[in-house]
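Descriptive analysis of the structure
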Amino acid sequence: MLIDIDENADKIFKRIEKLPIVLCHRDFWVANLFDSDGKTILIDWDTAGWGYLGEDMASLIADEADIEHMVEYYRRCIPAYYKGFSEYADISRITDNCVYEMILLMFGYRLVEWYMNVGSGNKLQETEDERTLHIHTLQKIYEMRDEQ
């Protein structure tokens, strides 16, 4: 996956650059989302700024999400996100949402780095458990490619 990203980086970035610039939370993950009386509340806006449409969804799906359900979240959330967004803006010209590539760019390299750096002072079993978690997360990201 990451070799493909590297080999096609110019094309991928050109596709991403065609996406609309929108207000992004930029720290969009489950710990910053709350449900209160049927309303979704989003906290921790200190890193908010401009970014490409879909960046926050990439974070929500891949940043410490329930790994066993990542592919399902991708399958369900991305169409819902674009449907909701399209109620307020014309996004009919978007043919490629690039969220999968954003997930790889934002988290793929990080997961490989974490895998390689596991074990500094940890017990052997904890080290293997962490490595297995990182590999499993990368596998789920790989499975998302079919959901595009």
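Along each chain, residues carry numbers from 1 onward, in the same order as the chain's sequence is written. The predicted origin of the model limits local features to residues at a pLDDT of at least 70 and limits the giving and counting of side-chain atom pairs to 80 or more, whereas totals for whole chains, interfaces and linings rest on all residues. Side-chain numbers here rest on the full set of heavy atoms in the structure, without hydrogens or water.

**Looking at the overall build of the protein chain**
- Under the DSSP-based scheme used, a helix requires at least four consecutive residues in state H or I and a strand at least two consecutive residues in state E, with every element numbered from the N terminus. Along the protein chain, the regular secondary structure elements total six helices and four strands.
- The secondary structure elements of the protein chain, listed N-terminal to C-terminal, are α-α-β-β-β-β-α-α-α-α.
- Judged by the C-alpha coordinates and their principal axes, the protein chain covers about 50 × 45 × 30 Å.
- A contact between two residues is defined here by any heavy atoms of the two lying within 4.5 Å. Once local pairs closer than 6 in sequence are excluded, the contacts in the protein chain between residues at least 24 apart make up 71%.
- Shrake-Rupley sampling with a 1.4 Å probe provides the accessible areas, and residues are treated as covered by the protein chains on show and by no other component. As presented, the protein chain carries roughly 9,400 Å² of accessible surface, and 53% of it is formed by carbon and sulfur atoms.
- His is not counted here, nor are the chain ends, while Lys and Arg score as positive and Asp and Glu score as negative. For the purpose of locating charges, the reference atoms are NZ of Lys, CZ of Arg, CG of Asp and CD of Glu. Each charge sign in the protein chain was given a centre, from 15 positive and 29 negative side chains, and these centres are 5 Å apart.

**Brief notes about unusual backbone geometry**
- A positive phi is found at Arg26, a non-glycine position, where the angle reads about 70 degrees.
- Here Arg26 lies in the loop between strand E1 (21-24) and strand E2 (33-36).
- For each residue, the accessible area found with a 1.4 Å probe, counting protein chains only, is set against the maximum for its type, and the residue is called buried under 20%, exposed over 50%, and partly exposed in between. In this structure Arg26 comes out as partly exposed when scored by relative accessible area, which is 40%.
- Not every positive phi belongs to a glycine, and Asp44 is a case in point at roughly 65 degrees.
- Tracing the backbone shows Asp44 in the loop between strand E3 (39-42) and strand E4 (49-52).

**Details of the pairing of E2**
- Looking at chain direction, E2 and E3 are connected through four bridges and run antiparallel. Counterpart to Phe34 in the pairing with E3 is Ile41. Two strands pair if DSSP finds at least two bridges between them.

**Describing the nonpolar core**
- For our purposes a nonpolar core is just a set of buried Ala, Val, Leu, Ile, Met, Phe, Trp, Tyr and Cys residues, chained together by side-chain atoms within 4.5 Å. With 34 residues, the main nonpolar core has Tyr74, Ile103, Ile141 and Met144 as its most contacted residues.
- Broken down by secondary-structure element, the contributors of at least two residues to this core are helix H1 (2-7), helix H2 (9-17), E1, helix H3 (55-62), helix H4 (70-86), helix H5 (99-117) and helix H6 (124-144).
- Per element, the largest residue contribution to this core is seven residues, and it comes from H5.

**Topic: the confidence of the model for the protein chain**
- Every residue is assigned a pLDDT by the predictor, reflecting its confidence on a scale from 0 to 100. Looking at the protein chain, the pLDDT average stands at 90 and 95% of residues meet or exceed 70.
- H6 is the least confidently modelled element of the protein chain, averaging 87 in pLDDT, while E4 averages 96, the highest of any element.

**Some points on the state of the cysteines**
- A pair of sulfur atoms, both from cysteines and within 2.5 Å, is called a disulfide here. A full pass over the atoms with the stated rule returns zero disulfides.
- Of all cysteine sulfurs, the one in Cys24 lies closest to Cys77, which takes part in no disulfide; the gap is 16 Å.
- For Cys77, a relative accessible area of 26% translates into the label partly exposed.

**Let's talk about the packing of aromatic side chains**
- Here is the rule: rings of Phe, Tyr and Trp (six-membered ring for Trp) pair when centre to centre is within 6.5 Å. Planes less than 30 degrees apart are stacked, more than 60 are edge-to-face, and the remainder are tilted. Taken as a whole and judged by the stated rule, the model has two aromatic pairs.
- Ring geometry for Tyr81 against Tyr82: centres 5.2 Å apart, planes inclined by 90 degrees, an arrangement best described as edge-to-face.
- Relative accessible area serves as the criterion here: at 21%, Tyr81 is assigned to the partly exposed category.
- Exposure remark for Tyr82: the relative accessible area of 11% places this residue in the buried category.
- Arranged with centres 6.3 Å apart and planes meeting at 35 degrees, the rings of Tyr81 and Phe85 form a pair that is tilted.

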